Structure formats: structure tokens, C-alpha cells
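Okay, here's what each chain looks like letter by letter:
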Amino acid sequence: MVLVLSLLVLFLGTVAGETVKEVTTSDGGILALGGNGGLVASGIVAGITLIVLGFFFNYFGYKLFKILVFLAGFCVVAGLVLYAEYKIRAPLEDEKGRQLWYLGIAAVFGLLGGGLMLFLVNVGVALVGGLGGFALATWILSMKT
């Protein structure tokens, strides 16, 4: 789910064009705040989107199995492609066009990966389980002070 959050924050931060200031909290965590000290709109929208996506995965996964497998393939492949793009060459702060290109390329590969998972159903189910385990591990690690 962190990969999905990264995609959403990158996309929404690019579109919104807000300046983000990172503030260290008392427990050592980092909180992204806007220039006036409030939460950044892109982070709020990303959080809401992830909550809806998690609700969908939990309660409609069995009923809408093919959509769940497609979304899992999309999330994993698009996240890995975006990670690779940023590892090869991260765009500078003023390169908004490059950020959008990276996002578009990741989305295209994500669609291809999601479509491929519809044919490789067993691998898609493994990706669903992997994303669920990753989300659970992230949640458990977030409890550490």
C-alpha cells in the first residue's frame, strides 16, 4: 500500500502544485504540512483514496474477484516501474513535466501488468496476498515508538 500511496502523493502533489514542508514530530516521525501548517490537500486525498481502496479490497474482493486481481497487478507493477524510474533519475523540483511523464509511463505499465494478472490468476492472487501482508506489516511497524 505504500507504493500506492507514493503514486497518489506524487500525482496529486504535482497536480495541486502546493509547497510541502516536512516537519519532524515529537516521536521522530515526519509529517508533510503545507506552507500554513495544515495538512497538504494531496495527502488528504491520497489517504481517502487508500481508505476506499482498502475497503474495496476487504469487502468486495471475493464478489468482484477479477477486478481485485487486476487492481493488485496494477498497483504492484505501476509501483515498481515508478520506483525504478525515480531510482534511475529522479526529476528535479522544477521538472513537473518529467514527473507527469513518469506517472503516465507507470500507469501504462500498470495497465499491462493488471491485464497480465487476469491471465495469470494464481500469480494475481499471490500479489493480493502480498499486498495484504505488506499492509499488515506496515501497520504493525507503525506502532513502534
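Just so it is clear, the structure is predicted and the values come from calculations on it, not from any experiment. (Residues numbered from 1 in each chain as written. Predicted model: local features only at pLDDT ≥ 70, side-chain atom pairs only at ≥ 80, totals over all residues. Heavy atoms only, no water.)

**Comments concerning helix α5 (residues 121-141)**
Threshold: Under the DSSP-based scheme used, a helix requires at least four consecutive residues in state H or I and a strand at least two consecutive residues in state E, with every element numbered from the N terminus. Multiplying one less than the number of residues by 1.5 Å gives the expected span of a helix. The rule is simple: take the accessible area with a 1.4 Å probe, protein chains only, and divide by the maximum for that residue type; under 20% is buried, over 50% is exposed, in between is partly exposed. Directions from the helix axis toward the C-beta atoms define the arc.
Between its first and last C-alpha atoms α5 spans 30 Å; for 21 residues at 1.5 Å apiece the expected length is 30 Å, and the two agree. Among the residues making up α5, those that are buried are Gly124, Leu127 and Leu131. Here the buried residues of α5 occupy an arc of 50 degrees about the axis, which is enough to place them on one side. What points out from α5, more than 90 degrees from its buried face, is the exposed set Asn122, Ala126 and Leu141.

**Brief notes about the packing of helix α3 (residues 65-88) against α5**
Helix packing for two helices is described by the angle between their axes and how far apart those axes are. Operational definition: Throughout, an axis means a line fitted to C-alpha atoms (over the contacting stretch in the case of helices), and angles, computed between N-to-C directions, take values from 0 to 180 degrees. Here the angle decides the label: under 35 degrees means roughly parallel, over 145 means roughly antiparallel, 65 to 115 means roughly perpendicular, and every other value means oblique. Crossing handedness is read from the near helix: turned anticlockwise from the far helix by less than a right angle, it gives a left-handed crossing, and turned clockwise, a right-handed one. Should any heavy atoms of two residues lie within 4.5 Å, those residues are counted as being in contact. The classification used treats Ala, Val, Leu, Ile, Met, Phe, Trp, Tyr, Cys and Pro as nonpolar, Asp, Glu, Lys and Arg as charged, and all other residues, Gly among them, as polar.
The contact between α3 and α5 brings their axes to 9 Å, and the two run at 70 degrees. Taken together, α3 and α5 sit at an angle that is classed as roughly perpendicular. The way α3 lies across α5 gives a crossing that is left-handed. The segment α3 lies against α5, with Phe65, Leu68, Val69, Ala72, Gly73, Cys75 and Val76 engaging Val121, Gly124, Val125, Leu127, Val128 and Leu131. Of the residues belonging to the contact of α3 with α5, the class tally is 11 nonpolar, two polar and no charged.

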